[in-house]
Amino acid sequence: MSYQIHTEKGLVNRGNWRRMKDCMRRAQGGDRITIGFIGGSITQGAVAETHTTCYAYLVFDWWVKKFPKSAFTYVNAGIGGTTSQFGVSRVQSDLLYSRPDAVFVEFSVNDENTEFFKETYEGLVRTIYDAPLKPAVTLIHNIMYDHGKTAQEIHQAVGVHYNLPCVAMQPVIYAEVKAGRIPNREITPDDLHPNTAGHALVASVIIDYLEKVYAELSVEEPAPGSMPGPITANHYQNSVRLQNGNCDPLLEGWTVDHTPQRLVLEGFRNGWTSKTKGAKITFEAEGSEIAVQYRKTVHHPAPVASAVIDGDIRHAVTLDANFEEDWGDCLFMQNLIVHGENKKHTVEITLTETHEDDAAEFYLISLIVSHE
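To start, this report covers the structure provided alongside it. Computed from a predicted structure; not experimentally measured.

1. Description of the overall build of the protein
- Along its length, the protein carries nine helices and 17 strands.
- Its C-alpha radius of gyration of 21 Å places the protein within 12% of the 21 Å reference for a compact globule of 372 residues.
- Within the protein, the proportion of its 372 residues that are buried is 56%.
- Contacts in the protein between residues far apart in sequence, at least 24 positions, make up 83% of those at least 6 positions apart.
- Here the protein displays about 15700 Å² of accessible surface, and carbon together with sulfur accounts for 48% of that area.
- Charge centroids of the protein, computed over 32 positive and 47 negative side chains, lie 8 Å from each other.

2. Topic: the environment of glutamate 372
- One can find glutamate 372 in the segment after strand E17 (362-371).
- For the pair glutamate 372 and histidine 235, spaced 137 residues apart in sequence, the C-alpha separation works out to 4.5 Å.
- In this view, glutamate 372 contacts His235, Asn238, Ser288 and Asn342; residues no more than four positions away in its chain are not counted.

3. Regarding the sheet that holds strand E1 (residues 11-13)
- Taking strand neighbours across the sheet as the criterion, the six strands line up as E1-E6-E5-E4-E2-E3 in an open arrangement whose pairing is mixed. Each edge of the open sheet carries a strand with a single partner, namely E1 and strand E3 (72-78). Sheet twist, expressed as the mean angle between neighbouring strand axes with direction ignored, is 25°.
- Where strand E5 (residues 136-141) lies against strand E6 (residues 166-168), three bridges are found, and the strand directions are parallel. Following the sheet pairing, leucine 139 is matched in E6 by cysteine 166.

4. Structural notes on the packing of helix H1 (residues 18-28) against helix H9 (residues 196-215)
- Contact pair H1 / H9: the axes reach a minimum separation of 10 Å and the direction vectors enclose 75°. Taken together, the axes of H1 and H9 lie roughly perpendicular to each other. Of H9, the residues touching H1 (which contributes Met20, Lys21, Met24 and Gln28) are Tyr209, Leu210, Val213 and Tyr214.
- The residue inventory of the contact of H1 with H9, partitioned by class, reads six nonpolar, one polar and one charged.

5. Some points on the state of the cysteines
- Scanning the entire structure with this criterion turns up zero disulfides.
- Its sulfur unpaired, cysteine 23 is 18 Å from the next cysteine sulfur, which belongs to cysteine 166.
- Among the residues examined, cysteine 23 registers a relative accessible area of 2% and is labelled buried.

6. What about the packing of aromatic side chains?
- Scanning all chains against the criterion turns up 20 aromatic pairs.
- Their ring planes at 15° and their centres at 5.1 Å tell us that phenylalanine 37 and phenylalanine 104 sit as a pair that is stacked. Residue phenylalanine 37 is located in strand E2 (residues 33-39), and its partner phenylalanine 104 is located in strand E4 (residues 102-106); the two are separated by 67 residues in the primary sequence. Both residues of the pair, phenylalanine 37 and phenylalanine 104, belong to the buried class.
- Directly above the ring of tyrosine 214 sits lysine 66, whose terminal nitrogen or CZ lies 4.4 Å from the centroid.
- A cation sits over an aromatic face here: lysine 296 above phenylalanine 332, 5.0 Å from the ring centre.

What counts, and where the lines are drawn
- Residues numbered from 1 in each chain as written.
- Predicted model: local features only at pLDDT ≥ 70, side-chain atom pairs only at ≥ 80, totals over all residues.
- Heavy atoms only, no water.
- Helix = DSSP H or I, 4+ residues; strand = E, 2+ residues; numbered from the N terminus.
- Rg over C-alpha atoms; globule rule 2.2 N^0.38 Å.
- Buried < 20%, exposed > 50% of the residue type's maximum accessible area, 1.4 Å probe, protein only.
- Contact = heavy atoms within 4.5 Å.
- Areas by Shrake-Rupley, 256 points an atom, 1.4 Å probe, with all protein chains shown as cover.
- Lys, Arg positive; Asp, Glu negative; His and termini not counted.
- Charge placed at Lys NZ, Arg CZ, Asp CG, Glu CD.
- Pairing = 2+ DSSP bridges.
- Axes fitted to C-alpha atoms, helices over the stretch in contact; angles between N-to-C directions.
- Parallel < 35°, antiparallel > 145°, perpendicular 65-115°, else oblique.
- Nonpolar A, V, L, I, M, F, W, Y, C, P; charged D, E, K, R; others polar.
- Disulfide = S-S within 2.5 Å.
- Phe/Tyr/Trp six-rings, centres within 6.5 Å; stacked < 30°, edge-to-face > 60°.
- Lys NZ or Arg CZ within 6 Å of the ring centre and 35° of its normal.

Right under this line is the structure:
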């Protein structure tokens, strides 16, 4: 089905095109080019009929067809139900390891429109922008198609500060839905995930921006200069994900999961499991921000745990593995310390509630630690 949309309205911040033009010129000359994507379920390709009909692959395919002399590599680091807080902790292992030449960042319907996620998003953008190969970075702002929820405001503020191209769906696709010219059920089953037709629309808005850059390849773009200082406290740029391969916590009643992780989407790997009430796992971690990542499961009942920082039992944090949504198990992140003291902390996680008929064990995926 064909829709009339004003794709040219999607470029809400032009930014500096120097890196993108350099990437396209290299592609014209036949260099090997890697195109990377990081984001949530939309980037992963949820609801699209096949992986080749999601917006990320359609954008990648534009590169392949536009520059036939070049050999391209596609890296999709989208994981459903995740935010930029998790993104910055995994961007090195899931995306930057591939040394991408261009990166598209999409978290605007997963992050909340808050100062906290402005800070985690900025940490992610700074990490990618400052990677050794200096990739061309483009920020993608998706939107909910029922009430218009998006973190575009805070994400675009980051893009403007770093002079990065920002491409938004709000003034293009959502505007048509809101006006009644595109029935939302024709492009999304749940007002969050685009279907195949919706992914094609999202891709067309991004491709319109890429075509604008391509049309100006002969125009010299000023050098972007050094990366400016942060606009937030920027405590999340230096994030470390602690799993069983890079840390050795004290285990009492927990089992190490050595199942190999073959794909980015195999998120429930490299952690620790237990079904035993009273089982305890103790970490020592240094930083000012600490979050625990565990599996919330749709299979009930499931165990409940408690996290205690530095022995402060009065402020214990409950970790309930029972997930009340119905779309599948979730890589859930729970903050334990936000803007705390930057020092070595002790984190004790204990199973406080189990059931004879537990349908799933408690899966502790990782401890994510950041510092100033």
